[in-house]
Amino acid sequence: VIQRNGAPAAGRPVLVRAGLADQIQLVEQVVADAEGNFVHMNLPLGSLQLSVQDEAGLTLAKAQGSLDADGDRLVRDLQLAARTTLALSLRLSDALLNEGPIGTVPVELIDELNQRRVDLVFEPASARTVVETTVIGDRGTVKLGHPRNARILAQREIVGDDGARIELDIAL
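Criteria and thresholds
- Each residue is numbered by its place in its chain's sequence as written, counting from 1.
- Totals for whole chains, interfaces and linings use every residue, but because this is a predicted model, local features are given only for residues with pLDDT of at least 70 and side-chain atom pairs only at 80 or more, for both listing and counting.
- Processing note: side-chain calculations cover all non-hydrogen atoms of the structure and skip hydrogens and water entirely.
- Two strands are counted as paired when DSSP detects at least two bridges linking them.
- Only DSSP runs of H or I with at least four residues qualify as helices, and only runs of E with at least two residues qualify as strands; both kinds are numbered from the N terminus onward.
- Fitting a line to C-alpha atoms yields each axis, with helices limited to the stretch in contact; the angle taken between N-to-C directions then spans 0 to 180 degrees.
- Cavities and pockets are defined on a 1 Å grid built over the protein atoms alone: a cavity is a set of grid points where a 1.4 Å probe fits but cannot escape, while a pocket is an open set with protein on both sides within 12 Å along at least five of seven lines, and lining residues are those with an atom within 4 Å of any such point.
- Grid points are joined across faces, edges and corners, and a volume is the space filled by probe spheres set on the points.
- Throughout, the ten residues Ala, Val, Leu, Ile, Met, Phe, Trp, Tyr, Cys and Pro are labelled nonpolar, Asp, Glu, Lys and Arg are labelled charged, and all others, Gly among them, are labelled polar.
- Exposure classes here rest on a 1.4 Å probe applied to the protein chains alone. A residue is buried below 20% of its type maximum, exposed above 50%, and partly exposed in between.

**Concerning the sheet that holds strand 10 (residues 153-159)**
Here is step 1: As summarised here, the arrangement of the four strands in space is 7-6-9-10, forming an open sheet in which the pairing is antiparallel. In this open sheet, the two strands that pair with only one neighbour each are strand 7 (115-121) and strand 10. When strand polarity is set aside, the average angle formed by the axes of neighbouring strands in this sheet is 25 degrees.
Here is step 2: One ladder, built from seven bridges, connects strand 9 (residues 139-145) with strand 10; its direction is antiparallel. If you follow Val-142 over to strand 10, its bridge partner there is Arg-156.

**Here's the deal with empty space enclosed by the protein**
Here is step 1: In total, this model carries one cavity of 30 Å³ or more according to the counting rule given.
Here is step 2: For the largest cavity, the calculated volume is near 30 Å³.
Here is step 3: Along the walls of the largest cavity sit Leu-86, Leu-88, Val-107, Leu-109, Val-118, Val-131 and Thr-133, which together make up its complete lining.
Here is step 4: Of the residues assigned to the lining of the largest cavity, the class counts are six nonpolar, one polar and no charged.

**Observations regarding the pairing of strand 6 (residues 104-111)**
Here is step 1: Residues of strand 6 alternate between two faces, with Val-105, Val-107, Leu-109 and Asp-111 buried on one and Thr-104, Pro-106, Glu-108 and Ile-110 left unburied on the opposite face.
Here is step 2: Counting the residues in the hairpin turn of strand 6 and strand 7 gives three residues.
Here is step 3: The pairing of strand 6 with strand 9 spans five bridges and is antiparallel. Counted as the bridge partner of Asp-111 is Gly-140 from strand 9.

**Examining the sheet that holds strand 11 (residues 165-171)**
Here is step 1: Across the sheet, which stays open at both edges, the three strands sit in the order 8-5-11 with mixed pairing between neighbours. The outermost strands of the open sheet, each flanked by one partner alone, are strand 8 (128-136) and strand 11. On average, each strand axis in the sheet is inclined to that of its neighbour by 20 degrees, with strand direction left out of account.

Here it is, written out as structure tokens:
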């Protein structure tokens, strides 16, 4: 397991999945040693998926391969992806607020390794809300639907650098 700067990611947990997506035979976690290496013995033959996740469960790196015969060895480098902080702000028009409370606006966030939903919660009579989340990789897509008309969709592409903070302001 390697950090973006090439240094070993010591102590990083690695999730090992053996089997096909619909027939997973093994799911175990191993931890990278001081040099970033990890070993898992006695894996079943067939497909393997390896992934490194952060504390929130977001995938930071992944690889796959297969073991075809007893004694096979699978070697994969897992380089951790960039992490960019996204501060997403959504402003609602007065006309939209006059129609009644909004509640929650779901936002779909797609980055290089993950696809997930983030909810923007509006307090009663509030015209603006902000949520901060993480984008994995150098780019991502933010999609959100109009709270009253599902045919209206706002979509923005974002590009960032490792450790950067992006502020994205969307108005409906």
